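Structural characterization, general
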Amino acid sequence: MKKAKHELVVIGAGPGGYVAAIRAAQLGMDAACIEVEPALGGTCLRVGCIPSKALLESSEKYLDADRELKKHGVNVSGLALDLAAMLKRKERIVKGLTGGVDGLFKKNKVTRYLGHGRLAGPGKVVVDGDEPVEITAKHVLVATGSRCAPLKGVEFKGAIGTSTEALSYQEVPGHLVVIGAGAIGLELGSVWRRLGAKVTVLEYLDRILPGADAGIAAAALRVFKRQGLKFQLDARVTGARLEGDGAVVDVEGVDPVAADRVLVAVGRAPVTEGLGLDTVGIETDKRGFIPVGEGFATSAGGVHAIGDVIGGAMLAHKAHEEGIACVERLATGYGHVNYDVIPSIAYTSPEVAWVGRTEEQLTEEGVAYRKGTFPFKANGRAQALGTTDGEVKILADGATDRVLGVHIFGPRAGDLVAEATAAMEFGASSEDVARTCHAHPTLSEALMEAALAVDDRVIHM
Ligand code: NAD
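Keep in mind it's a predicted model, so treat the numbers as computed, not measured.

Our next topic: the side chain of Glu-445. Secondary-structure assignment places Glu-445 in helix α13 (residues 445–454). The charged side chain of Glu-445 is buried without a salt bridge, its nearest counter-charge being Arg-381 at 8.3 Å. Look past the residues within four positions of Glu-445 in its chain and what remains in contact with it is Asn-379, His-438, Ala-439 and His-440.

Following this line, the structure appears as structure tokens:
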């Protein structure tokens, strides 16, 4: 077997792993990255964030052409969906970005290994591939990510699949049943609804978007229903089976639901099989995650882990932050992630975005807070854009006025939450946000007005 030596070997080239490898190389380390897929970028670039955003954008344009452009005095005739072209565009974007990571590796002199990486004892990693390699490394960083979690009683087969299949259906399903009303279910459910499918979302909880502020999630649910998505809340799926070309989904206590396609989106599970964790004495926790301590160190000397495989928020940008903090700490002794200020976004239309704590969390923690809200219908730019659903909610500490949470349902919420995130990172008060000059007319004024509302001095309401 070929032999090689590196200072750092990263297993997994997702947004945690590839970023960590690049940052390590920037810091002067001899870094390598092992990836089993020919394309770099992990779930995020290949079958997650990026392709879903491409389809969300395309499907929204189709819907706009069908329904919204008339309101602007633009009449379209002969509108037709070319799904094959839409899917090709998505693939081109994915190809460009994954190829871009290859380029970044070359530019930063990160050595890339194609194959399945596994630990093979202290300081040793083996790449199982066409050209097996045994690598000796001072540091190993496990960044193997996650995959769609299975659901008991449901086999992924034929019409029943995960987000990966739902990104590439070759025709619009007649009836798509989505299991789970998290970000994946709502985003991909929205795509196929816009393209003409009947979409039913079955959700175990009595609400959508676990993790989002309950009031904001309820407002979003009303709008999504208006868009034609059907919801069955308090619906626990107990199984699904293939029937004819489609499938039937069993829901506790109610009639089974027939579907042409079923998308299972009930969370994600860590990827650790075949990783050789036992060769260095690492044991996963009850849910299969790799436990880590300070600086992302595992129980094995020289082995660190970051991203979805260690649990917490399963988000590309959280993995990215952890990857950078981990290798900066290895190289410099310092590295830190502020878990209080990690934004979350569901790219529905309008988007749902939040950072910090929800009203429910603050109430549970017994923290006194003041709240300011502002609706997009009172924002001039939102009126001009024609997207006036939703609101901004700011929660500030009752005693100090420090911003504790910002929750946005509205146009470009995912971009607007960046200002809130930066403000919170700098420990801003709601007064700081309110006194910051916001350009007019912009959607960001809604954030400023919500901050003014915390102190009961909103101008445009
Ligand atoms: P999720 O955990 O966000 O939501 C899954 C939903 O499925 C939950 O509401 C849960 O109550 C429900 N559920 C579980 N078992 C069920 C059952 N038997 N019957 C009916 N409902 C059931 O998971 P997801 O949407 O699959 O996303 C997975 C991960 O990926 C999440 O951590 C998410 O944050 C992340 N992600 C993020 C984005 C984004 O940032 N835009 C997009 C996609 C995924």
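This next bit is on the packing of helix α3 (residues 49–68) against helix α4 (residues 83–108). Helices that pack against each other are described as a pair by the angle of their axes relative to one another and the distance between those axes. The interhelical angle for the contact between α3 and α4, taken along N-to-C directions, is 145 degrees, at an axis separation of 9 Å. Remark: the crossing between α3 and α4 carries right-handed chirality. For the pair formed by α3 and α4, the contact residues are Ile-50, Pro-51, Ala-54, Leu-55, Ser-58, Ser-59 and Tyr-62 on the first element and Met-86, Leu-87, Arg-89, Lys-90, Ile-93, Val-94 and Leu-97 on the second.

Another aspect to go through is a nonpolar patch on the surface. A contiguous nonpolar patch, built from Val-74, Val-76 and Leu-79 and spanning about 210 Å² of accessible area, is present on the exposed surface. The topology assignment puts Val-76 in the loop between α3 and α4. Assessed through its relative accessible area of 40%, Val-76 is described here as partly exposed.

Before going further, it helps to examine the packing of helix α1 (residues 17–26) against α4. α4 packs onto α1 with a crossing angle of 20 degrees between their chain directions and a minimal axis gap of 9 Å. Considering the angle they form, α1 stands roughly parallel to α4. In the crossing of α1 with α4, the sense of the turn from one axis to the other is left-handed. Residue-level contacts link Tyr-18, Ala-21, Ile-22, Ala-25 and Gln-26 of α1 to Val-101, Leu-104, Phe-105 and Asn-108 of α4. For the contact of α1 with α4, the residue count by class is 7 nonpolar, 2 polar and no charged.

What follows concerns the sheet that holds strand β20 (residues 369–375). Spatial strand order, β18-β19-β22-β21-β20: 5 strands in an open sheet with antiparallel pairing. The open sheet has two edge strands, β18 (344–346) and β20, and neither has a second partner. Mean inter-strand twist for the sheet, computed between neighbouring axes without regard to direction, equals 10 degrees. Where strand β21 (residues 391–397) and strand β22 (residues 403–410) come together, 6 bridges link them in antiparallel fashion. Residue pairing across strands places Lys-393 opposite His-407, the latter belonging to β22. Sheet strands touched by helix α11 (residues 413–425): β18, β19 (351–356) and β22. Its angle to β19, the strand with the most contacts, is close to 10 degrees.

Each neighbour pair has its own omega, and for Ser-349 with Pro-350 the value is -10 degrees, a cis peptide bond. Within the secondary structure, Pro-350 is located in the loop between β18 and β19. The phi dihedral of Leu-209 is positive, around 50 degrees, even though this residue is not glycine. With a phi close to 55 degrees, Asp-234 is a non-glycine residue in the positive phi region. Following the sequence through the fold, Asp-234 ends up in the loop between β11 (230–232) and β12 (237–243).

This brings us to the pairing of strand β4 (residues 116–119). Taking every second residue as pointing to the same face, the buried face of β4 carries Gly-117 and Leu-119, while none of His-116 and Arg-118 on the other face is buried. Looking at chain direction, β4 and strand β5 (residues 124–128) are connected through 4 bridges and run antiparallel. Bridged to His-116 within β5 is Asp-128. In this antiparallel pair of consecutive strands, β4 and β5, the connection spans 4 residues, and Gly-121 shows a positive phi of 100 degrees.

This brings us to the site of the ligand. Surveying the vicinity of the ligand reveals 24 residues, the closest of which are Glu-187, Glu-203, Val-237, Gly-267 and Ile-345. Ile-184 has a polar backbone atom sitting 3.0 Å from an oxygen atom of the ligand. Across the complex, the protein chains shield 80% of the 840 Å² of accessible surface that the ligand would expose by itself. Here the shell around the ligand gets 3 residues from one element, more than from any other, and that element is helix α6 (residues 183–194). Broken down by class, the residue content of the shell around the ligand amounts to 17 nonpolar, 3 polar and 4 charged.

With that out of the way, let us pick up the sheet that holds strand β8 (residues 160–161). What the 5 strands build is an open sheet, ordered β8-β15-β9-β10-β11; its pairing is parallel. With one partner strand each, in any of the chains shown, β8 and β11 form the two edges of the open sheet. Looking at chain direction, strand β9 (residues 175–179) and strand β10 (residues 198–202) are connected through 5 bridges and run parallel. Pairing of Val-178 across the sheet is with Val-201, part of β10. On the sheet, α6 packs against β9, β10, β11 and β15 (261–264) and is oriented at approximately 165 degrees with respect to β10.

Splitting the chain by domain gives domain 1 (2–147 + 269–337), domain 2 (160–266) and domain 3 (344–454). Contact with domain 1, which involves 6 residues of that partner, is made by 6 residues of domain 3. On the surface where domain 1 and domain 3 come into contact, there are 0 salt bridges. Seen at the junction of domain 1 and domain 3, the total is 1 residue pair in polar contact (both at pLDDT 80 or more). Counted by class, the side of domain 1 that touches domain 3 contains 2 nonpolar, 1 polar and 3 charged residues.

Among the surface-exposed residues, Lys-61, Lys-88, Arg-89, Arg-92 and Arg-412 lie close enough to one another that they form a single positively charged patch. Here the positive patch gets 3 residues from one element, more than from any other, and that element is α4. Residue Lys-61 is classed as exposed on the basis of its relative accessible area of 55%.

Within the secondary structure layout, Ser-429 lies in the loop between α11 and α12 (430–435). What makes Ser-429 buried here is its relative accessible area of 13%. Ser-429 has contacts with Asp-401, Arg-402 and Val-403, leaving out every residue within four places of it along the chain.

Right, let's get into the packing of aromatic side chains. Remark: the centre distance and the inter-plane angle together describe each pair of aromatic rings, the angle taken between the planes. Counted according to the given criterion, the structure contains 2 aromatic pairs. Ring plane angle 85 degrees and centroid distance 6.0 Å describe the contact between Phe-224 and Phe-409, whose orientation is recorded as edge-to-face. Taken together, the residues Phe-224 in helix α7 (residues 214–226) and Phe-409 in strand β22 connect sequence positions 185 residues apart. Note on accessibility: Phe-224 and Phe-409 belong to one class, buried.

Rules behind the numbers
Residues numbered from 1 in each chain as written. Predicted model: local features only at pLDDT ≥ 70, side-chain atom pairs only at ≥ 80, totals over all residues. Heavy atoms only, no water. Helix = DSSP H or I, 4+ residues; strand = E, 2+ residues; numbered from the N terminus. Buried < 20%, exposed > 50% of the residue type's maximum accessible area, 1.4 Å probe, protein only. Lys, Arg positive; Asp, Glu negative; His and termini not counted. Salt bridge = Lys/Arg side-chain N within 4 Å of Asp/Glu carboxyl O. Contact = heavy atoms within 4.5 Å. Axes fitted to C-alpha atoms, helices over the stretch in contact; angles between N-to-C directions. Left-handed = near helix turned anticlockwise from the far one by under 90°. Patch = residues over 30% accessible without salt bridge, like charges linked within 9 Å, V, L, I, M, F, W, Y side chains within 5 Å. Areas by Shrake-Rupley, 256 points an atom, 1.4 Å probe, with all protein chains shown as cover. Parallel < 35°, antiparallel > 145°, perpendicular 65-115°, else oblique. Nonpolar A, V, L, I, M, F, W, Y, C, P; charged D, E, K, R; others polar. Pairing = 2+ DSSP bridges. Near = heavy atom within 4 Å. Polar contact = N/O pair within 3.5 Å; in protein donor to acceptor, adjacent residues only side chain to side chain. Domains from an automatic or database assignment. Charge placed at Lys NZ, Arg CZ, Asp CG, Glu CD. Phe/Tyr/Trp six-rings, centres within 6.5 Å; stacked < 30°, edge-to-face > 60°.

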